[in-house]
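Okay, here's what each chain looks like letter by letter:
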Amino acid sequence: MKKKFNKKQKKALRILLNHKNGVNELLYGGAAGGGKTWLGCSFALYLCLNYPGIRFLIGRARLSILEQTTLNTLYAVLKDWGLNEGTDYNYNGKSHELKLSNGSIIIMKDLFLYPKDPDFDNLGGLEITASFVDESNQVVEKAITVLKTRHRWMLNYYCGINGCNGETSKSKVLERDENNEPIKWKCHQCGNETEGFIPKMLFSCNPAKNWVYSKFYKPWTENKLEAFRQFIQATSNDNTKLTKAYKNVLDQLDHMSRKRLRDGDWNNESADALFKMDKIAVLWGRELPCESETHYIAIDPAGTGGDAAEIIVISGSKVVKEWITIPKAKKPSEIIEVVERLQRKWGVDEYGIAYDVDGLGWGLNDAFEYGYQIFNNGTPIENKVFQNLKAELYFKLSQVIEDEELSISAECQTLEIQEELTRELQVIEEVEIDKDGKRKITPKNVIKQTIGRSPNKADVLAYAMRFFLDESDSSYIILD
């Protein structure tokens, strides 16, 4: 390949274009400005030009954002490679496909988890040869799992070894399966033995505490990365084409954002953080435990300023089964209507509800008089070592997450919930540890100043812990 790439991009391409190394998943990135999207679009274009007739998928959480960002980069790569629209390629805005003159197709695909399609049935019937998922940290793991099964187009047509495009139909068959179908050839072009084109998936990302962390980054740091996966950390310093103006933008970010997006710091957290980032990642990336038939409902009503109300359904085995946000709720009746519907759906009785009485919560008392009323500044339930009830609930949530006992089901793993909840949990710390012996957490006004909003999603998870407090078990209050 004669195009200009930096050292890490070249390393990534060598891995992606080698069909004998056993690697079929590569995560590239870990910071802003590292040339991630340019690499992905170049990989797509190289394969499509060298292997006529293949189908390459470029995906992102939202198709609209993909066409505003990733597609523009693809156009820039096409122009840089001397290809012209109308003669060398055409883009169909209705089908969201870019067709090259040699018959290869690049498909633009929305990979967002829509509530009406939790199993990604919209990917059913799709047949592709290879793929690039841009900003994959914004895509839920289930989408990636389903997408893997779609890689089956023309895999036994080309050799693919070290970029060779020898057609297997012209090669000598060395081995057949039980159905007498060829499964190994001696390529007529390069002379190597080949089992065909190995499907490759390229992911780009910024540091995030979800499946990209648990499946790639953390195993990479521990030298435990599975053989079929590779990770290449790339930051703005690796991108020789990055403008000075963009580097200045990264330098001017707030401290936490600068560490994450400029420096590629995956573990940017305080020593006093109540929730460790590697444990937050487990919320999204593990198999769900055996289900309990018992369900509860926790409510964080909107504040008096018209904040969003958060409502969750959680099982007795600590699996969040449903998560509903009511933007700018103004009346208690809006919340009551939703909760009563959830009660009927999940079989939650009148005692299985916990809600914050602040803000609109005062209006829930009559409807849910037998539920748990949570007064944030109220007396702790189990032990007076906590400053108040809210601190106790947050320490209980911290213990449950630390012990990997809490899961959030795939149906609730929207990009909004992942990003907002992760951001909220990251900034909650144990504060003033040495002052009066009381265990305290970051005040809400400080959190709001840090992230620019109220931590409603973290709060509703903490309120759900009211159902799991055990007076006979105070292990989580012991100081290290």
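The following refers to the structure shown.

What counts, and where the lines are drawn
- Each chain carries its own residue numbering, running from 1 in the direction its sequence is written.
- Note on the predicted model: pLDDT of at least 70 is required for a residue's local features to be given, and 80 or more for side-chain atom pairs to be given and counted; whole-chain, interface and lining totals, by contrast, use all residues.
- Based on all heavy atoms of the structure, the side-chain values leave hydrogens and waters out of the count.
- The residues that make up patches have over 30% relative accessible area and no salt bridge, and they are joined within 9 Å when like-charged or within 5 Å when they are Val, Leu, Ile, Met, Phe, Trp or Tyr.
- Areas reported as accessible are Shrake-Rupley estimates using a 1.4 Å probe. Residue values count occlusion only from the protein chains shown.
- Here, a salt bridge means any Lys or Arg side-chain nitrogen found within 4 Å of an Asp or Glu carboxyl oxygen.
- A positive count includes Lys and Arg, and a negative count includes Asp and Glu. His and the chain ends are not counted in either.
- In plain terms, the charge of a residue is placed at NZ if it is Lys, CZ if Arg, CG if Asp and CD if Glu.
- Helix and strand assignments follow DSSP, with helices taken as H or I runs no shorter than four residues and strands as E runs no shorter than two, numbered in order from the N terminus.
- Polar contact is defined as a pair of N or O atoms within 3.5 Å, subject to the rule that within protein one atom must be able to donate a hydrogen and the other to accept it, and that residues adjacent in sequence are counted only when both atoms are side-chain atoms.
- Relative accessibility under 20% of the residue-type maximum defines a buried residue, over 50% an exposed one, and the middle range a partly exposed one, all with a 1.4 Å probe and only protein chains included.
- Directions from the helix axis toward the C-beta atoms define the arc.
- Each pair of strands is called paired provided DSSP finds at least two bridges between the two strands.
- Structural elements are reduced to axes, namely lines fitted to C-alpha atoms, with helices fitted over the stretch in contact, and the angle between N-to-C directions of any two is expressed from 0 to 180 degrees.
- An angle below 35 degrees is read as roughly parallel, one above 145 as roughly antiparallel, one from 65 to 115 as roughly perpendicular, and any other as oblique.
- Working rule for contacts: check all heavy atoms of both residues, and any pair within 4.5 Å makes them a contact.
- Polar here means any residue other than Ala, Val, Leu, Ile, Met, Phe, Trp, Tyr, Cys and Pro, which are nonpolar, and Asp, Glu, Lys and Arg, which are charged; Gly is therefore polar.

1. As for a negative patch on the surface
At step 1: Negative charge collects at one region of the surface, where Asp 349, Glu 350, Asp 366 and Glu 369 lie side by side.
At step 2: When you line up the elements, Asp 366 lands in the loop between strand S15 (353-356) and strand S16 (372-374).

2. Some details on the side chain of Asn 137
At step 1: On the secondary structure map, Asn 137 appears in the loop between strand S6 (130-133) and helix H5 (141-148).
At step 2: A polar contact is formed between the side chain of Asn 137 and the backbone nitrogen of Asn 206, at a distance of 3.4 Å.

3. A closer look at helix H1 (residues 7-16)
At step 1: Those residues of H1 not exposed but buried are Gln 9, Ala 12, Leu 13, Ile 15 and Leu 16. The buried residues of H1 occupy one face: seen down the axis, they fall within an arc of 160°. Every exposed residue of H1 that faces more than 90 degrees away from the buried side is listed here: Lys 7 and Arg 14.

4. Topic: the pairing of strand S7 (residues 172-176)
At step 1: When S7 meets strand S8 (residues 182-186), the two strands line up antiparallel, connected through four bridges. Considered in S8, the bridge of Arg 176 is made with Pro 182.
At step 2: Here S7 folds back onto S8, and the loop between the two strands holds five residues, one of which, Asn 180, carries a positive phi near 65°.

5. Structural notes on the packing of helix H11 (residues 389-402) against helix H14 (residues 456-464)
The description of two helices packed together rests on the angle between their axes and the distance between the axes.
At step 1: The interhelical angle for the contact between H11 and H14, taken along N-to-C directions, is 90°, at an axis separation of 8 Å. Between H11 and H14, the angle is such that the two are roughly perpendicular. Across the interface between the two elements, Lys 390, Leu 393, Tyr 394 and Leu 397 of H11 pack against Ala 458, Asp 459, Leu 461, Ala 462 and Tyr 463 of H14.
At step 2: Its residues assigned to classes, the contact of H11 with H14 shows seven nonpolar, no polar and two charged.

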